[in-house]
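One-letter residues, chain by chain:
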Amino acid sequence: MTTLTLTPLLLVLLLVPAVTSIGVNYGTLADNLPPPAAVAQFLKTNTIIDRVRIFDVNPEVIQAFAGTGILVSVTIPNGDIPSLTDPWNARRWVNSNIKPFYPATKIHYICVGTEVLHWGPQSIVDHLVPAMRVLHAALVKAGIKDVKVSTPHSLSILLKSNPPSKALFRPGWDVGNLAPILRFHRETKSAFMVNPYTYYAYTPGNESYCLFKPNAGLYDKATGKRFGSVCLLFSFCVFF
């Protein structure tokens with residue numbers, strides 16, 4: 001039985017260097033969950049959270065955030081990516097999953113898959129950027145210009161991550177996959193997303209570093225910057 005409902009949104013939007021918002025991943029694979037409307041109202045009235053990501057396009061959940069002002073990112077399953085390279089399928093997907101709720105629900109991002117480069121298979125990897133481009137075109141054709149398209153990456157896209165100034169994208173993915181994705185983001189002014197799972201780095205000895213508590217941090221001689229948390233370090237590894 002799974003009891004975790006809301007988890008910290010360890011999803012970094014690398015479009016601007018400053019972090020001004022906080023969000024959560026809203027999962028629904030659990031027992032005895034409160035209804036989506038209650039979750040949305042709780043986040044609006046009892047927290048400073050101003051954005052959520054859901055792992056599907058559940059219409060009840062999307063509708064629950066209508067009128068809350070909370071930004072919502074929806075997710076397309078990895079297996080659906082190849083079909084969305086077809087413009088007709090992409091337009092139908094937008095008409096079914098975005099238009100009925102927009103703009104009452106502030107849909108912010110469409111996440112095309114999750115960690116596709118990490119999980120594969122190659123047949124889905126090859127369709128990732130084409131699907132992102134076709135979905136963006138479908139949104140534009142529908143007159144929806146403020147919903148962006150991205151895809152969250154695992155930190156396995158990095159060959160090296162410490163110190164951040166020495167971080168490198170993994171050879172093979174850098175030119176063949178990440179370069180076209182970054183070109184798409186530049187063209188559409190959308191964000192490059194990563195999932196920095198800081199708890200993988202947790203040990204009792206570095207608890208403060210992982211949990212944003214006061215600590216000496218890690219000093220990067222090449223940049224002169226000191227990183228006071230694992231999350232910040234991972235984020236700058238990608239940013240640099």
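Residues numbered from 1 in each chain as written. Predicted model: local features only at pLDDT ≥ 70, side-chain atom pairs only at ≥ 80, totals over all residues. Heavy atoms only, no water.

J.: Just to check I follow, could you spell out the pairing of strand S6 (residues 107-112) for this structure?
T.: Walk down a regular strand and you will see the side chains alternate between the two sheet faces. Within S6, six of the six residues are buried, leaving the element largely enclosed by the surrounding structure. Pairing of strand S5 (residues 71-76) with S6, which is carried by five bridges, proceeds in the parallel orientation. Among the inter-strand pairings, Val74 is bridged to a residue of S6, identified as Ile110. Traced from S5 through helix H3 (residues 87-97) to S6, the parallel crossover comes out right-handed. The pairing of S6 with strand S7 (residues 148-150) spans three bridges and is classified as parallel. Residue Ile110 lies in a different strand from S7, and its bridge partner there is Val149. (Buried < 20%, exposed > 50% of the residue type's maximum accessible area, 1.4 Å probe, protein only. Helix = DSSP H or I, 4+ residues; strand = E, 2+ residues; numbered from the N terminus. Pairing = 2+ DSSP bridges. Right-handed = clockwise from strand over helix to strand, strands pointing away.)

J.: What is the right way to read the pattern of salt bridges from this model?
T.: Any two side chains of opposite charge can pair, so long as their charged atoms come close to each other. Under the defined criterion, the tally for this structure stands at three salt bridges. A salt bridge links Asp50 to Arg51; the nearest nitrogen and oxygen atoms lie 3.2 Å apart. When its relative accessible area of 19% is taken as the criterion, Arg51 is described as buried. The residue Lys213 makes a salt bridge to Glu207 at a minimum N-O spacing of 3.0 Å. (Salt bridge = Lys/Arg side-chain N within 4 Å of Asp/Glu carboxyl O.)

J.: How should the pairing of strand S3 (residues 23-26) be read in this particular structure?
T.: Taking every second residue as pointing to the same face, both faces of S3 are buried, with Gly23 and Asn25 on one and Val24 and Tyr26 on the other. Examined bridge by bridge, S3 and strand S4 (residues 51-54) share four bridges and lie parallel to one another. The residue bridging Tyr26 from the neighbouring strand is Ile54, located in S4.

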